[in-house]
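What follows is each chain in one-letter form.
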Amino acid sequence: MNYGQRGVDLLRELKRSDWLPSYNEDSVRATIQEINLHTAELHDIVRANNRVGNDTSTGGGGATVPIEMRPVMLLHEVSIKRNKRCLLAYHAHRIDKLRALRWETAGNLATPMKFVLSEAEVDFFHEYAKL
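None of the values given here were measured: they were computed from a predicted structure.

How should I be thinking about helix α5 (residues 119-130) in this particular structure?
Each α-helix turn comprises 3.6 residues. Residues three or four places apart therefore point the same way. Along its 12 residues, α5 runs 17 Å from first to last C-alpha, staying within 8% of the 16 Å computed at 1.5 Å per residue. When α5 is considered as a whole, its buried residues turn out to be Glu 121, Val 122 and Phe 125. Projection of α5 onto a plane perpendicular to its axis shows the buried side chains occupying an angular sector of 105°, all on one side. In this structure, α5 carries Glu 119, Ala 120 and Lys 130 as exposed residues pointing more than 90 degrees from its buried face. Lining the buried residues of α5 we find α3 (70-105) and α4 (111-114).

The following block contains the structure:
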């Protein structure tokens with residue numbers, strides 16, 4: 001599995017486009033699902049570690065993760081962070097384009113442009129134009 005690849009693909013799609021490609025809801029959802037899978041894996045590792053026999057009754061305050069599990073946990077954490085950054089960059093770029101479009105078109109969104117935007121982006125454009 002290529003961890004963090006779905007988010008990168010969203011950004012590559014933006015880079016290849018002249019203006020804005022159609023909102024890729026499937027890839028956004030898949031990226032969020034990948035984040036959720038990595039989060040679940042981290043939770044499973046921590047739960048398994050707590051069951052295996054880390055005794056927290058000695059006053060240590062919490063279980064420590066065995067050193068052999070730390071690289072796996074780091075991989076999942078880095079993948080989560082990378083996908084989140086990619087999603088934020090994807091949406092921030094699209095919002096920046098919409099803000100610029102508002103000033104270029106004096107608040108009039110042409111019908112062909114509506115087809116490449118998500119419903120939330122169209123709402124944002126109209127609310128931003130009202131400001």
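Even after reading the chapter, I still don't get the side chain of Ser 79, so can you show me in this structure?
Along the chain, Ser 79 turns up in helix α3. What makes Ser 79 buried here is its relative accessible area of 5%. There is a polar contact of 2.9 Å between the side chain of Ser 79 and the backbone oxygen of Leu 75. Setting aside residues no more than four positions away along its own chain, Ser 79 makes contact with Tyr 3 and His 38.

What is the right way to look at the nonpolar core in this model?
Generally speaking, nonpolar side chains in soluble globular proteins are found buried as a group. With 20 residues, the main nonpolar core has Leu 98, Leu 109 and Leu 117 as its most contacted residues. Top contributing element to this core by residue count: α3, with seven residues. Ignoring anything within four residues of it in the chain, the contact list for Leu 109 reads Leu 101, Lys 114, Leu 117, Val 122, Phe 125 and His 126.

Just checking my understanding: could you explain the environment of Ile 35 for this structure?
Considering the arrangement of structural elements, one finds Ile 35 in helix α2 (residues 25-52). Each C-alpha atom of the pair Ile 35 and Met 73 lies 13 Å from the other, and the pair is 38 residues apart in sequence. Ignoring anything within four residues of it in the chain, the contact list for Ile 35 reads Ile 80, Asn 83, Lys 84 and Leu 87.

What should I look at first to understand the packing of helix α1 (residues 5-16) against α3 in this one?
Each pair of packed helices can be summarised by the angle the axes make with each other and by the distance between the axes. The geometry of α1 relative to α3 is characterised by a closest axis approach of 8 Å and an angle of 25° between their N-to-C directions. In terms of orientation, α1 lies roughly parallel with respect to α3. As for how α1 packs across α3, the hand of that crossing is left-handed. Between α1, through Gly 7, Val 8, Leu 10, Leu 11 and Leu 14, and α3, the contact on the second element is made entirely by Arg 82, Asn 83, Cys 86, Leu 87, Ala 89, Tyr 90, His 93 and Arg 94. Residue classes in the contact of α1 with α3 are distributed as eight nonpolar, three polar and two charged.

Parameters and conventions
- Residues numbered from 1 in each chain as written.
- Predicted model: local features only at pLDDT ≥ 70, side-chain atom pairs only at ≥ 80, totals over all residues.
- Heavy atoms only, no water.
- Helix = DSSP H or I, 4+ residues; strand = E, 2+ residues; numbered from the N terminus.
- Expected span 1.5 Å × (residues − 1).
- Buried < 20%, exposed > 50% of the residue type's maximum accessible area, 1.4 Å probe, protein only.
- Arc of directions from axis to C-beta.
- Contact = heavy atoms within 4.5 Å.
- Polar contact = N/O pair within 3.5 Å; in protein donor to acceptor, adjacent residues only side chain to side chain.
- Core = buried A, V, L, I, M, F, W, Y, C linked by side-chain atoms within 4.5 Å.
- Axes fitted to C-alpha atoms, helices over the stretch in contact; angles between N-to-C directions.
- Parallel < 35°, antiparallel > 145°, perpendicular 65-115°, else oblique.
- Left-handed = near helix turned anticlockwise from the far one by under 90°.
- Nonpolar A, V, L, I, M, F, W, Y, C, P; charged D, E, K, R; others polar.

Keep in mind these numbers describe shape, not what the thing actually does.
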